[in-house]
Amino acid sequence: MPRSDVRADLRADLLAALVAFDEDRVVELLDGERDRRGVTAVVRDLLLPVMREVGLGWERAEVSVAQEHLATQLVRAYLGGLGSSLRVGDGPQVWLACPPRELHDLPLLAFGVLLRERGWRVRFFGASTPLHDLLRTMRLHHPEVVVVSADSPARLRASSVVLDLIAGETTLALGGRAAEVAGAELSGVVLPADVVLAADRLKELLPPAEPASTG
């Protein structure tokens, strides 16, 4: 069977298991793909595409609110376990947050798993984070990068003042659909829409390391 057909079958199986509330089958499919092809593949080729299908199914009234909510929680739990299973890296510290009233944080959670796999020290603040409070805490802990992600351009634009302040004190990156639409108007670097590409390129945003003193 061609590889593309295998991917389509896996996605269809995972979608069916999610909307059927079949948690054991969900874990079996995701663990099997992770064992075969690794963490990046399971996030890129299964979790995110299938959750997009769940969202589209809800918009078309083919997936109920209850099914969408439970599917989201099953995937959230799996991603949480996946992230916890990875070795804590000694790389730069990155903080991940959504702006106030933004609840779509699942892609950001998946992004955090990819970063952790790449050796980043990840702090995930999640949905509807008070960014002024984040800024105050940032001044104590000094993360190398802060990523703010949103689905709603309006919610990202509403945080423009605090985004300016964050960008003045550390490296700020913007992600999600909102960044594609409104990122050019705001402080911060817009990340690629592809989460794998964004994870691979994030270190390019860091300033060059200062040479070690020879004195």
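Rules behind the numbers
- Residues numbered from 1 in each chain as written.
- Predicted model: local features only at pLDDT ≥ 70, side-chain atom pairs only at ≥ 80, totals over all residues.
- Heavy atoms only, no water.
- pLDDT = per-residue confidence, 0-100.
- Helix = DSSP H or I, 4+ residues; strand = E, 2+ residues; numbered from the N terminus.
- Contact = heavy atoms within 4.5 Å.
- Phe/Tyr/Trp six-rings, centres within 6.5 Å; stacked < 30°, edge-to-face > 60°.
- Pairing = 2+ DSSP bridges.
- Right-handed = clockwise from strand over helix to strand, strands pointing away.
- Core = buried A, V, L, I, M, F, W, Y, C linked by side-chain atoms within 4.5 Å.
- Buried < 20%, exposed > 50% of the residue type's maximum accessible area, 1.4 Å probe, protein only.

Let us now look at the confidence of the model for the chain. Summing up the model confidence of the chain, the mean pLDDT is 91 and the portion of residues at 70 or higher is 94%. Put simply, helix α1 (residues 3–19) is where the chain has its lowest mean pLDDT, 80, and strand β3 (residues 145–149) is where it has its highest, 98. Scored below 50 in pLDDT, residues 1–5 shows three contacts in the model against residues more than four places distant or in partner chains.

This part covers the packing of aromatic side chains. The final tally for this structure, using the stated rule, is one aromatic pair. Geometrically, the ring pair formed by Trp95 and Phe125 is tilted, given 5.0 Å between the ring centres and 50° between the ring planes. Of the two residues, Trp95 sits in strand β1 (residues 93–97) while Phe125 sits in strand β2 (residues 121–126), which places them 30 residues apart along the sequence.

The next point concerns the pairing of β2. Direction of pairing for β1 relative to β2: parallel, over a ladder of five bridges. Paired with Trp95 across the bridge in β2 is Arg123. Handedness of the β-α-β unit built from β1, helix α5 (residues 106–117) and β2 comes out right-handed.

Counting residues in hydrophobic clusters, the biggest one holds 46 residues, and the most contacted among them are Leu18, Leu79, Val94, Phe111, Leu115, Val147 and Leu202. Counting residues per element, the ones that place at least two in this core are α1, α2 (23–37), α3 (39–59), α4 (65–85), β1, α5, β3 and α10 (195–201). When residues of this core are assigned to their parent elements, the largest contribution, nine residues, is made by α3. Apart from residues lying up to four places away in sequence, Leu18 is in contact with Val26, Val50, Met51, Ala71, Leu74 and Val75. The next biggest cluster of nonpolar side chains, apart from the first, holds 19 residues, and it includes Leu131, Ala150, Ala178 and Ala182.

Peptide bonds are, in most cases, trans, and in most cases residues other than glycine have a negative phi. One non-glycine residue with positive phi stands out, namely Ala61, at about 65°. Mapped onto the fold, Ala61 is located in the loop between α3 and α4. On the basis of relative accessibility, which here comes to 68%, the residue Ala61 falls in the exposed class. Non-glycine residue His142 carries a positive phi angle of around 55°. For His142, the location among the structural elements is in the loop between α6 (131–141) and β3. Look at His142 and you get exposed, because its relative accessible area is 56%.

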